[in-house]
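Structure assessment
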Amino acid sequence: MSGVRNTLNRPTSRMGAADRTSAVASSFVVADAGHCIGCKACELACFAVHSQANGIGASVGTVSVPVVPKVYVVHAGDTYVPVQCRHCENAPCAHACPVQAIRQENGVVMIDEELCIGCTSCVLACPFGAIEVSTVYREGRVMTQPGLTDRAAHKALPRTAAGKCDLCAGTNGGQPACVEACPNDVLRLAIVESDPLPERRREVFFPRL
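Reading the values: rules and limits
Residues numbered from 1 in each chain as written. Predicted model: local features only at pLDDT ≥ 70, side-chain atom pairs only at ≥ 80, totals over all residues. Heavy atoms only, no water. Patch = residues over 30% accessible without salt bridge, like charges linked within 9 Å, V, L, I, M, F, W, Y side chains within 5 Å. Areas by Shrake-Rupley, 256 points an atom, 1.4 Å probe, with all protein chains shown as cover. Salt bridge = Lys/Arg side-chain N within 4 Å of Asp/Glu carboxyl O. Helix = DSSP H or I, 4+ residues; strand = E, 2+ residues; numbered from the N terminus. Core = buried A, V, L, I, M, F, W, Y, C linked by side-chain atoms within 4.5 Å. Buried < 20%, exposed > 50% of the residue type's maximum accessible area, 1.4 Å probe, protein only. Contact = heavy atoms within 4.5 Å. Phe/Tyr/Trp six-rings, centres within 6.5 Å; stacked < 30°, edge-to-face > 60°. Lys NZ or Arg CZ within 6 Å of the ring centre and 35° of its normal. Pairing = 2+ DSSP bridges.

Things to note about a nonpolar patch on the surface
There is a patch of nonpolar side chains on the surface, built from Leu44, Val63 and Val67 and spanning about 230 Å² of accessible area. Relative to the assigned elements, Leu44 resides in helix α2 (residues 41-50).

Dropping the structure here:
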């Protein structure tokens, strides 16, 4: 069994990527849906952090590709709920991937976009609906899928790949960008702590009579 602890206090110092990766092992972002106002600040912060390869900066004028975040705000009636990966211990998405593009590193489930073939097997396997397949952009341009061509139009088809929350593992920030951007403190980083191993049973020897 495992216990879950919510980190309500944010760290005062920012950690490097390697340190954060080990610190957030077996962790995930949780949301208090009752207080989400649907502003989508989390989506924009997530998109900006993960789109630096496309030249996306802090200003609106740098956005030249569609906004595709790794956290999704779902609207149902009057309720807004941010949905993101729970980094399952026995991740069904990783088991479903036919090309081993999904792996776990220190408890964080990661997708290798270069290996992903966009088959959507992981999307179907995810019990939380936290994975989306979208078009791949590099330096503001649509990437094409080698060997995949629209014969009627005589042009290569765009390349697609799966994306989901990676706890901002490849960035230099502290907490995940969505947690830091939320104006209503709806998002929190939950750290899963494994129960300690049971104390070794002490053996008692009785003298022979």
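Some details on the nonpolar core
By size, the foremost hydrophobic cluster in this structure holds 34 residues, and its most contacted members are Val29, Cys93, Ile102, Ile131, Cys178 and Leu187. Here the element with the most residues in this core is strand β6 (residues 108-111); it accounts for 4 residues. Setting aside residues no more than four positions away along its own chain, Cys93 makes contact with Ile102, Val109, Cys122, Ala125 and Ile131.

Section: unusual backbone geometry
Positioned with a positive phi, Thr120 is a non-glycine residue whose angle comes to about 70°. Located in the positive-phi region is Asp185, a residue other than glycine, with phi close to 50°.

Regarding the environment of Val63
Among the secondary structure elements, Val63 is positioned in the loop between α2 and β3 (72-76). Given a relative accessible area of 35%, Val63 falls into the partly exposed group.

Observations concerning the packing of aromatic side chains
Inspection of every chain in the model, using the stated rule, returns 0 aromatic pairs. Above the ring of Phe128, the side-chain terminus of Arg86 is found at 5.2 Å from the ring centroid.

A closer look at the pairing of strand β5 (residues 102-105)
The pairing of β5 with β6 spans 4 bridges and is antiparallel. Note that in β6 the partner of Arg103 across the bridge is Met110. Joining the antiparallel neighbours β5 and β6 is a turn of 2 residues, in which Asn106 adopts a positive phi near 55°.

Here we look at the pattern of salt bridges
Across all of its chains, the model carries 3 salt bridges by this definition. In this structure, the salt-bridge partner of Glu105 is Arg103, at a minimum N-O distance of 2.5 Å. The exposure class of Arg103 is partly exposed, given its relative accessible area of 36%. Of the charged contacts in the structure, one is a salt bridge between Arg138 and Glu113, with a shortest N-O distance of 2.8 Å. One end of the pair, Arg138, is in strand β8 (residues 137-138); the other, Glu113, is in the loop between β6 and α4 (121-125), and 25 residues separate them in sequence. Given a relative accessible area of 27%, Arg138 falls into the partly exposed group. For Glu113, a relative accessible area of 25% gives the class partly exposed.

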